[in-house]
Amino acid sequence: MSKKEAFIRIRHAKKHYGDLEVLKDISLDVEKGQIVAIIGPSGSGKSTFLRAINNLDPLTDGEIWLEDMQVNKTLTPKKYEKHIDQVRQNIGMVFQHFNLFPHLTVSENIMLAPKMLKGTSQSEAYKLAEIELEKVGLIDKIDYYPSQLSGGQKQRVAIARALAMKPKVMLFDEATSALDPELVDEVNIVMKQLAKEHMTMIIVTHEMAFAADVCDKVLFMDKGVVVEQGPPSIIFNSPKEERTKSFLAKHLNDAPGNGNNNA
Amino acid sequence: MGLDFSVVPDYMDTILLGILWTLAITLVAAVISVFGGVFFALTELYAHWFFKYPIKAFAFIFMGTPLLLQLFFLYFGLGLIGIPLSPFVAGIIGLGLFYSVYNSELIQTAMITVDNGQTEGARSLGLSKIQTIHNVILPQAVRKVIPPMGNNLIMLMKDSALVSAIGVTELIHASELAIGETFRPFEFYIAAGVCYYIINLFMEAGLRKVERKVQVTK
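Bear in mind the structure is a predicted one, so any value in this text is a computation, not a measurement.

Helices and strands together make up the secondary structure of chain B, namely eight helices and zero strands. In terms of overall dimensions, chain B has a C-alpha envelope of 75 × 50 × 25 Å along the principal axes. Looking at chain B residue by residue over its 218 residues, the buried ones come to 46%. The long-range fraction of contacts in chain B, counting pairs at least 24 apart against all pairs at least 6 apart in sequence, stands at 76%. As presented, chain B carries roughly 11400 Å² of accessible surface, and 73% of it is formed by carbon and sulfur atoms. Positive and negative charge centroids in chain B, built from 13 and 14 side chains respectively, lie 18 Å apart.

Structure (structure tokens):
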């Protein structure tokens, strides 16, 4: 066993709203280039957990580290604001509802952060937008507004926007849940492409097939705890915990290629 | 006694001057009310309580009392305690601040109702709070706020009639001067009404133009 510390280290993550505990002592290591899927019923805390990683939903207790940066460092509010803005430049996030800026064109959406935060010039930023759009197959939409795009295209632009900051890790919060079924694939293809390029990814998803296909590790969460974790072959084919089994029984219909489901 | 508009052209100079003053007051007060509105809205939403609460109290007073009273206070009241303002200055300050408060309410609503996902999208990229407000929230709020704020500015134009009470020779006051000499109130009040209406039409046309310009392409 290597003693080297993991790329992302989450230690004893806890969060509660008053008496309601949403995260109960979760720890997780993610290695560089690893792809982790978080699955579980709604209300299990999986999105809250993901959103804690870039402090959109701050933890009550515990530590989150990305390499040698502690995400939720204890600082005065003013200093912390500066710190977290720095940290977030390294963590790309893709949301269920895209969160593209509707008043900006596709290229402007992508250029905004590099221009504001890295001092990238207009022409360099535009080149960067072209490169990232090429990756997601939307170079022809570079001067469109988000309202002129389909859901799948919007999400691919959102991915390009996050990638333009050259993040060390990408977080996906149910990136395909809001899409029409026929648009899911185009986003999945882009995510698979990222996986091939060894992008570190943490993915909250309802799509078992995708998780089984792409991920190195699957976490099953329920009621704020990690019930079970392991490689997808184990979690999907021979889960040990009752809760995992009953959850998968309901959701495996959309996970072809695993032993439990011959439908 | 029938209407006889033949007297109106004799007082064209007076009426034109009135129109000019009405336009001048409207324009300056409108500019004050837009910038004041943005300033009050940002202060009430984001500033330290030390700045926020005085502004809130100020807004409360302005919304809760009649504009006419505020104009009297600015002109006669401040004059008595040694801060003499000209009727025009008192008028634009009064109208401008009064409508700043209403514009501020609109801007705040528009900013609050920009989807929280926009903030999260921007902050997740590493943009600071101020960069997010400036680049993402405000531009979207402005687009939302233009139609209702346009209505406010039209009301401001009509309310500029009130500054006749502190002696600015705007359209109403000019009409009264003409009426005083001719004893023909209906003719001149109708003429004034027509002038207001025409100004109104121009303002609405201008607003439609602005709305179309800032609308995101569909």
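Taken together, the side chains of L3(B), F5(B), F186(B), I190(B), V194(B), I198(B) and F202(B) make up a nonpolar region of the molecular surface, amounting to roughly 720 Å² of accessible area. Tracing the backbone shows I190(B) in helix α8 (residues 185–214).

This brings us to the nonpolar core. Note on soluble globular proteins: their nonpolar side chains tend to be buried together. Residues and elements named next belong to chain A. Judged by nonpolar contacts, the single largest core of 51 residues is most densely connected at L133, I159, M170, F172 and M201. At seven residues, the largest contribution of residues to this core is made by helix α6 (residues 181–196). Those residues in contact with I159 that lie beyond four places of it in its chain are V94, V136, M170, F172, V187, V190, M191 and L194. Ranked by size, the runner-up nonpolar core spans 32 residues in total, among them F7, I10, L50 and V87.

Looking now at the confidence of the model for chain B. Segments scoring low in pLDDT should not have their predicted coordinates read at a detailed level. Of all residues in chain B, 98% have pLDDT values of 70 or greater, and the mean over the chain is 93. We note a pTM of 0.84 for the whole complex and an ipTM of 0.90 for its interfaces.

Further remarks concern the sheet that holds strand β6 (residues 91–94) of chain A. All names here are of chain A. Judged by pairing direction, the sheet is mixed, and its six strands sit side by side in the order β6-β7-β8-β3-β9-β10 without closing on themselves. The sheet is open, and its two borders are formed by β6 and β10 (225–230), each paired with just one other strand. In this sheet, neighbouring strand axes are inclined to one another by 15° on average, regardless of whether the strands run parallel or antiparallel.

In this section: the packing of aromatic side chains. One pass over the structure, following the stated rule, counts 13 aromatic pairs over all chains. Between F72(B) and F76(B), the aromatic rings sit 5.6 Å apart at their centres with planes inclined by 45°, giving tilted as the arrangement. Here F76(B) and F72(B) lie together in helix α3 (residues 67–80), a separation of four residues that amounts to about one turn. By relative accessible area, which is 31% here, F72(B) ends up partly exposed. Every member of this aromatic cluster is reached through a ring pair, and the members are F39(B), F40(B), F58(B) and F62(B). In this arrangement the basic side chain of R161(A) is found over the ring face of F101(A), its NZ or CZ atom lying 4.4 Å from the centre.

What follows concerns the packing of helix α7 (residues 171–182) of chain B against α8(B). All names here are of chain B. Interhelical geometry of α7 versus α8 gives an angle of 160° and a closest axis separation of 9 Å. Compared by their axis directions, α7 and α8 come out roughly antiparallel. For the pair α7 and α8, the sense of crossing is right-handed. On the side of α7, the interface is formed by L171, I172, S175, E176, A178, I179 and T182, while α8 contributes P185, F188, Y189, A192, C195 and Y196. Of the residues in the contact of α7 with α8, the class split is ten nonpolar, two polar and one charged.

This next bit is on the pairing of β6(A). Residue and element names in this part refer to chain A. The two faces of β6 match: I91 and M93 on one face and G92 and V94 on the other face are all buried. Relative to strand β7 (residues 169–173), β6 runs parallel, the two being bridged by four bridges. Looking across to β7, one finds that V94 is bridged to F172.

Remark on secondary structure: sheet strands pair via backbone hydrogen bonds, oriented parallel or antiparallel. All names here are of chain A. Strand order in the open sheet made by the four strands is β2-β1-β4-β5, with antiparallel pairing throughout. Each of the sheet's edge strands pairs with one partner strand only, and the pair in question is β2 (20–30) and β5 (69–70). Pairing analysis gives five bridges linking strand β1 (residues 8–17) to strand β4 (residues 61–66), with the strands arranged antiparallel. When the bridges of β4 are listed, R11 appears paired with E63.

All names here are of chain A. You can see A6 is positioned in the segment before β1. Judged by relative accessible area, A6 falls into the buried class, the value being 5%. Residues A6 and N237 lie 231 residues apart in sequence; the distance between their C-alpha atoms is 27 Å. Residues in contact with A6, not counting those within four places in the same chain, are D29, V30 and E31.

Residues and elements named next belong to chain B. Along the polypeptide, T132 turns up in helix α6 (residues 129–159). What makes T132 buried here is its relative accessible area of 2%. For T132, the contacting residues outside a window of four places in its chain are T119, A122, R123, L127 and I137.

Rules behind the numbers
Residues numbered from 1 in each chain as written. Chains lettered and ligands numbered in written order. Predicted model: local features only at pLDDT ≥ 70, side-chain atom pairs only at ≥ 80, totals over all residues. Heavy atoms only, no water. Helix = DSSP H or I, 4+ residues; strand = E, 2+ residues; numbered from the N terminus. Buried < 20%, exposed > 50% of the residue type's maximum accessible area, 1.4 Å probe, protein only. Contact = heavy atoms within 4.5 Å. Areas by Shrake-Rupley, 256 points an atom, 1.4 Å probe, with all protein chains shown as cover. Lys, Arg positive; Asp, Glu negative; His and termini not counted. Charge placed at Lys NZ, Arg CZ, Asp CG, Glu CD. Patch = residues over 30% accessible without salt bridge, like charges linked within 9 Å, V, L, I, M, F, W, Y side chains within 5 Å. Salt bridge = Lys/Arg side-chain N within 4 Å of Asp/Glu carboxyl O. Core = buried A, V, L, I, M, F, W, Y, C linked by side-chain atoms within 4.5 Å. pLDDT = per-residue confidence, 0-100. Pairing = 2+ DSSP bridges. Axes fitted to C-alpha atoms, helices over the stretch in contact; angles between N-to-C directions. Phe/Tyr/Trp six-rings, centres within 6.5 Å; stacked < 30°, edge-to-face > 60°. Lys NZ or Arg CZ within 6 Å of the ring centre and 35° of its normal. Parallel < 35°, antiparallel > 145°, perpendicular 65-115°, else oblique. Left-handed = near helix turned anticlockwise from the far one by under 90°. Nonpolar A, V, L, I, M, F, W, Y, C, P; charged D, E, K, R; others polar.

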